[in-house]
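Residue-level structure breakdown
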Amino acid sequence: MNAETILFFSVAPVAVVSALLMITRRNPVTGVLFLIVNFFCLAVLYLTLHAQFIAVIQILVYAGAIMVLFLFVIMLLDLGDETRFAEKGRLRKIPAVALATAVLVEILLTVGVLGSPAGQPERSVEIGTVEFIGHALYTGYLLPFEITSLLLLAAMVGIIVLAKKKLG
Amino acid sequence: MIPLSYYLSLSAVLFTIGVVGVLTRRNAIIVFMSIELMLNSVNLTLVGFSSFLGDVRGQILVFFVMAVAASEAAVGLAIIIALFRNKQTVNIDEINIMKW
């Protein structure tokens, strides 16, 4: 049992439990904090897959920027008693859980039938480095990379228009 | 070495938890966080395949997914703020003006 296996089996349950706690907590702030735990677990899993750059980005962008934005909005909204508004209708949760379980069983069956790809017994460590990904991004994927900047610009304009208070 | 199927199974479990969250919760912010969870579980699949096939394209795709997720989170939260300003609630059962 090598370090990678120990790391996987210590982090994967934490990821699942924190995800479950995230969708069951009443208070959205608690949910955000459990989701951050989940994102850190995923970053560790990326490291076990030798995806160093993605792991760092996961912590910086997801656990850092996006979740801070969530916390910021929750605190801005001042939900007050909104945190215990009636999550009524226990009955209608049953078909939702049944549907999700069907999806899970289907995916797991597919994974079980297909199994792991046989090729590539020795995994490349260099593939996930900043150097390797940066090179790929700025040569073969330069156009999509530049289009991403347009996407971010459009998002920025949209957010300002949406969140602006109406004048007059 | 951990088989790829372990990563895929974990990803499937996280995705299912996200689906349950979207379908059962009524708080728009928690529904939104469940969507983020689903995006992340798919990212885990992509990184897993990328690593096991020795192909960088999976990780490039994860990079773009993260850029889209960041914009989507910001726009979605702006919509939630606008909704809250108009309806004073984030309960998605009460937000039904587009329903007929």
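What counts, and where the lines are drawn
- Residues numbered from 1 in each chain as written.
- Chains lettered and ligands numbered in written order.
- Predicted model: local features only at pLDDT ≥ 70, side-chain atom pairs only at ≥ 80, totals over all residues.
- Heavy atoms only, no water.
- Helix = DSSP H or I, 4+ residues; strand = E, 2+ residues; numbered from the N terminus.
- Expected span 1.5 Å × (residues − 1).
- Contact = heavy atoms within 4.5 Å.
- Buried area = accessible area lost by both parts, 1.4 Å probe.
- Salt bridge = Lys/Arg side-chain N within 4 Å of Asp/Glu carboxyl O.
- Nonpolar A, V, L, I, M, F, W, Y, C, P; charged D, E, K, R; others polar.
- Domains from an automatic or database assignment.
- Buried < 20%, exposed > 50% of the residue type's maximum accessible area, 1.4 Å probe, protein only.
- Phe/Tyr/Trp six-rings, centres within 6.5 Å; stacked < 30°, edge-to-face > 60°.
- Patch = residues over 30% accessible without salt bridge, like charges linked within 9 Å, V, L, I, M, F, W, Y side chains within 5 Å.
- Areas by Shrake-Rupley, 256 points an atom, 1.4 Å probe, with all protein chains shown as cover.
- pLDDT = per-residue confidence, 0-100.
- Axes fitted to C-alpha atoms, helices over the stretch in contact; angles between N-to-C directions.
- Parallel < 35°, antiparallel > 145°, perpendicular 65-115°, else oblique.
- Left-handed = near helix turned anticlockwise from the far one by under 90°.

**Some remarks on helix α2 (residues 28–48) of chain A**
Over its 21 residues, α2 of chain A extends 30 Å from the first C-alpha to the last, a length consistent with the 30 Å expected when each residue adds 1.5 Å. A positive phi of about 60 degrees marks H50 of chain A, the residue just after α2 of chain A.

**Quick notes on the interface of chain B and chain A**
With 71 residues of chain B in contact, the opposing surface of chain A contributes 81 residues. Together, the buried faces of chain B and chain A total about 6,800 Å²; carbon and sulfur atoms form 77% of this surface. If you look at where chain B meets chain A, you find zero salt bridges. Residue contributions to the side of chain B that touches chain A peak at 23 residues, all from helix α3 (residues 57–87) of chain B. Taken together, the residues of the side of chain B that touches chain A sort by class into 46 nonpolar, 18 polar and seven charged.

**Regarding the domain arrangement of chain A**
Residue and element names in this part refer to chain A. Assigned domains within chain A: domain 1 (1–83) and domain 2 (125–168). One C-alpha centre belongs to domain 1, the other to domain 2; they are set 22 Å apart. Listed as interface residues are four residues of domain 1 and, on the opposing side, five residues of domain 2. Carbon and sulfur atoms make up 72% of the area that domain 1 and domain 2 hide from each other, which totals about 440 Å². Looking only at domain 1, the three residues that lose the most surface to domain 2 are H50, Q52 and F53, adding up to 91% of its buried area.

**Topic: unusual backbone geometry**
Its identity as a non-glycine residue notwithstanding, H50 of chain A has a phi of 60 degrees, on the positive side. Within the element layout of this structure, H50 of chain A appears in the loop between α2 and α3 (52–77). One non-glycine residue, Q88 of chain B, lies in positive phi territory at about 60 degrees. Along the polypeptide, Q88 of chain B turns up in the segment after α3.

**Remarks on the side chain of S34 of chain B**
Secondary-structure assignment places S34 of chain B in helix α2 (residues 28–53). The exposure class assigned to S34 of chain B is buried, which follows from its relative accessible area of 0%. Ignoring sequence-local partners within four residues, the contact set of S34 of chain B consists of M22 and I23 of chain A together with G18, G21 and V22 of chain B.

**Some remarks on the packing of aromatic side chains**
Tallying each qualifying case throughout the model produces 11 aromatic pairs over all chains. Seen from their ring centres, F53 of chain A and F63 of chain B are 6.1 Å apart, and the 25 degrees between their planes marks the pair as stacked. With one member in each of two chains, F53 of chain A in helix α3 and F63 of chain B in helix α3 form a pair that bridges those chains. A single burial state applies to F53 of chain A and to F63 of chain B, both of which are buried. With a centroid separation of 5.7 Å and 45 degrees between ring planes, the pair formed by F70 of chain A and F32 of chain B is classed as tilted. Residue F70 of chain A is located in helix α3, and its partner F32 of chain B is located in helix α2; the two belong to separate chains.

**Structural notes on the environment of L151 of chain A**
Secondary-structure assignment places L151 of chain A in helix α6 (residues 142–163). Accessibility expressed as a relative area gives 34% for L151 of chain A, which makes it partly exposed. Counting along the chain gives 149 residues from L151 of chain A to N2 of chain A, while the straight-line C-alpha distance between them is 42 Å. In this structure, L151 of chain A is in contact with A67, V68 and S71 of chain B, ignoring residues within four places of it in sequence.

**A short note on a nonpolar patch on the surface**
A cluster of nonpolar side chains, namely L150, L152, L153, M156, V157 and V161 of chain A, defines an oily patch on the protein surface of about 570 Å² accessible area. Mapped onto the secondary structure, V157 of chain A falls in helix α6.

**Thoughts on the confidence of the model for chain A**
Across chain A, the average pLDDT comes to 86, with 86% of residues at 70 or higher. Across chain A, the secondary-structure element scoring lowest on mean pLDDT is helix α4 (residues 93–114) of chain A, at 87, and the one scoring highest is α2 of chain A, at 94.

**Quick notes on the packing of α4 of chain A against helix α1 (residues 4–24) of chain B**
Two elements in contact, α4 of chain A and α1 of chain B, have axes separated by 9 Å at closest approach and are oriented at 165 degrees. Here α4 of chain A lies roughly antiparallel to α1 of chain B, going by the angle between them. In this structure, the crossing between α4 of chain A and α1 of chain B has a hand that is right-handed. Residues K93, A96, V97, L99, A100, T101, L104, I107, L108 and V111 of chain A of α4 of chain A form the contact with α1 of chain B, whose participating residues are S5, L8, S9, A12, V13, T16, V19, V20, L23 and T24 of chain B. Residues of the contact of α4 of chain A with α1 of chain B, tallied by class, amount to 14 nonpolar, five polar and one charged.

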